[in-house]
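Each chain is listed here by its residues.
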Amino acid sequence: MTRERGMIAAFSAPWTRRMTGRDPEQPHRASTPLELLFDLCFVAAISQAAAQLAHGIEKDHVGPALLGFLLVFFAIWWAWMNFTWFASAYDTDDVPYRLLTLVQMAGVLVLAAGVPAALDHYDFTVATIGYAIMRVPGVLQWLRAAREDPARRATCLRYAVGIAVVQVLWIARLALPHPWDIAGFVVLVVAELAVPIVAELRGEPTTWHPEHIAERYGLFTLIVLGECVLGTTVAFQSALGHGFSADLVLLAVGGLLLIFGLWWTYFLGGDDAGLTSLRAALTWGYGHYLVFGSVAALGAGLEVAVQTSEHAAEIPEAVAGLAVAVPVAVFLVVISQLRRLTWPAGVLNHGFVAATAVLVLVCGALAGVIGLGPAVLAMGVVLGALLAAYFAVSHRRAVRADG
């Protein structure tokens, strides 16, 4: 009987609900199935970006490949981030909301289709169209929130106007010749980052939920880690067609240790407790561009390492080693700095984390001397040592506190 009543309630739910700000202290706030489905649409875009970065490095076009990856990944990350923060404050989950989200999901898929052209030829036409398909429904969502949430009308209108103006400029940027299109990209990135700051600093702020935001970022981290695993697996499958080698075994073990270590490092927990102000939340949220990007780049780096080990890439082993080491080092340093905002002082030794990042870079640079397999394995061991030391110190402090 209870199950039948639940089904009847679901099918008899109102077509539309008033879009008012959700309670930022709502207990047990969790991601919805729609949010999870939305996240999955980014799988293709992240996979394309990482694969194209790997191919560019393998052809010894490191600079252009890295620049293209950073540009494309900003569009991927920013599109996801805008939806996530809006949903944290205004997720009505009614029919109009779901239909507009569906259109945004279509935009993500178009954006993913334009990633290869953007990275290979700096042709952002398709990617920009996909971005626009995503952003227009976002503007409509903010306009609806402005109409139905009078207390935050001015804030919502600033979001809507800011997003719309910047989106028009993104389309106009397509007319700029190279390299002015890159300069235009940088200017518009600054404009995009400024919209939430300008919108939120005056008037009534939106009611985003700290625990919900932390969970959403954690789930997207898992998606990027999943793409890292997938890309590395595909590379190993291709390499194993030429036979099994000790170097491949070491690469596999080291790569798994690195992926597991990044996962463990990120999910130590407690970040939501520090999201107590708009400044902290925006800094933490913006910093995740480098967190997500470094994890995706690690997947590309491991693919490069496999191809180089099998002599299918045109780069020295030291370059391949750094293609793995640099993303790991960036991840460690950025996470360490972000936790200055979210963790109590003294919990994490930031100097020790920085030293670990340096050791990882040294291991990568030594790949030309000791081999790629041993170098990647050494990186994994170093990261494991960091985690072991962290838990040893934490345990010692807990014992002292209890005593």
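Residues numbered from 1 in each chain as written. Predicted model: local features only at pLDDT ≥ 70, side-chain atom pairs only at ≥ 80, totals over all residues. Heavy atoms only, no water.

Participant: How would you sum up the confidence of the model for the protein? Please name residues and give values.
Facilitator: Summarising the model, the protein shows a mean pLDDT of 88, and 93% of its residues fall at 70 or more. Mean pLDDT values over the elements of the protein span from 52, in helix α1 (residues 2-11), up to 96, in helix α8 (residues 153-173). (pLDDT = per-residue confidence, 0-100. Helix = DSSP H or I, 4+ residues; strand = E, 2+ residues; numbered from the N terminus.)

Participant: Please set out empty space enclosed by the protein residue by residue, giving values where relevant.
Facilitator: For the structure on display, the rule yields 3 cavities of 30 Å³ or more. In this model, the largest cavity occupies a volume close to 170 Å³. Looking at the largest cavity, it is lined by 14 residues, and the ones nearest its centre are Met-81, Asn-82, Trp-85, Tyr-159 and Pro-196. Of all the secondary-structure elements, those providing two or more residues to the lining of the largest cavity are α4 (62-90), α8, α9 (180-201) and α12 (278-309). (1 Å grid on protein atoms, 1.4 Å probe; cavity = no way out; pocket = protein on both sides within 12 Å on 5 of 7 lines; lining within 4 Å. Points joined across faces, edges and corners; volume = space filled by probe spheres on them.)

Participant: Give a detailed account of the pattern of salt bridges, specifying residues and quantitative values.
Facilitator: When charged atoms on two side chains of opposite charge get close, those side chains can pair. Under the defined criterion, the tally for this structure stands at 10 salt bridges. Residues Glu-192 and Arg-135 are paired through a salt bridge, measuring 2.6 Å at the closest nitrogen-oxygen approach. Of this pair, Glu-192 sits in helix α9 while Arg-135 sits in helix α7 (residues 125-148), placing them 57 residues apart in sequence. Residue classification places Glu-192 among the buried positions, given a relative accessible area of 1%. Accessibility expressed as a relative area gives 5% for Arg-135, which makes it buried. For Arg-339, the salt bridge is made with Asp-271, and the minimal N-O distance between the two is 3.3 Å. Of this pair, Arg-339 sits in helix α13 (residues 317-342) while Asp-271 is found in the loop between α11 (246-266) and α12, placing the two residues 68 residues apart along the sequence. With relative accessibility at 3%, the residue Arg-339 sits in the buried group. Overall, the relative accessible area of 9% leaves Asp-271 in the buried class. In the salt-bridge network here, residues are joined through shared partners; they are Asp-94, Arg-144, Arg-147 and Glu-148. (Salt bridge = Lys/Arg side-chain N within 4 Å of Asp/Glu carboxyl O. Buried < 20%, exposed > 50% of the residue type's maximum accessible area, 1.4 Å probe, protein only.)

Participant: Talk me through the packing of aromatic side chains; I want residue IDs and the actual numbers.
Facilitator: Note on aromatic pairs: each is described by the distance of the centres and the angle between the planes. Across all of its chains, the model carries 32 aromatic pairs by this definition. Seen in terms of ring centroids, Tyr-131 and Trp-170 are 5.9 Å apart; in terms of plane orientation they differ by 80°. Their pairing is edge-to-face. Linking Tyr-131 in helix α7 with Trp-170 in helix α8, this pair joins segments that are 39 residues apart in sequence. You'll find Tyr-131 and Trp-170 in the same group, each marked buried. Relative to Phe-267, the ring of Trp-263 has its centre 6.3 Å away and its plane inclined at 40°; by these criteria the two rings are tilted. Looking at Trp-263, the relative accessible area reads 33%, which means it is partly exposed. An aromatic cluster of three or more residues is present, and its members are Phe-38, Phe-42, Trp-80, Phe-83, Tyr-217, Phe-220, Trp-284 and Phe-292. (Phe/Tyr/Trp six-rings, centres within 6.5 Å; stacked < 30°, edge-to-face > 60°.)

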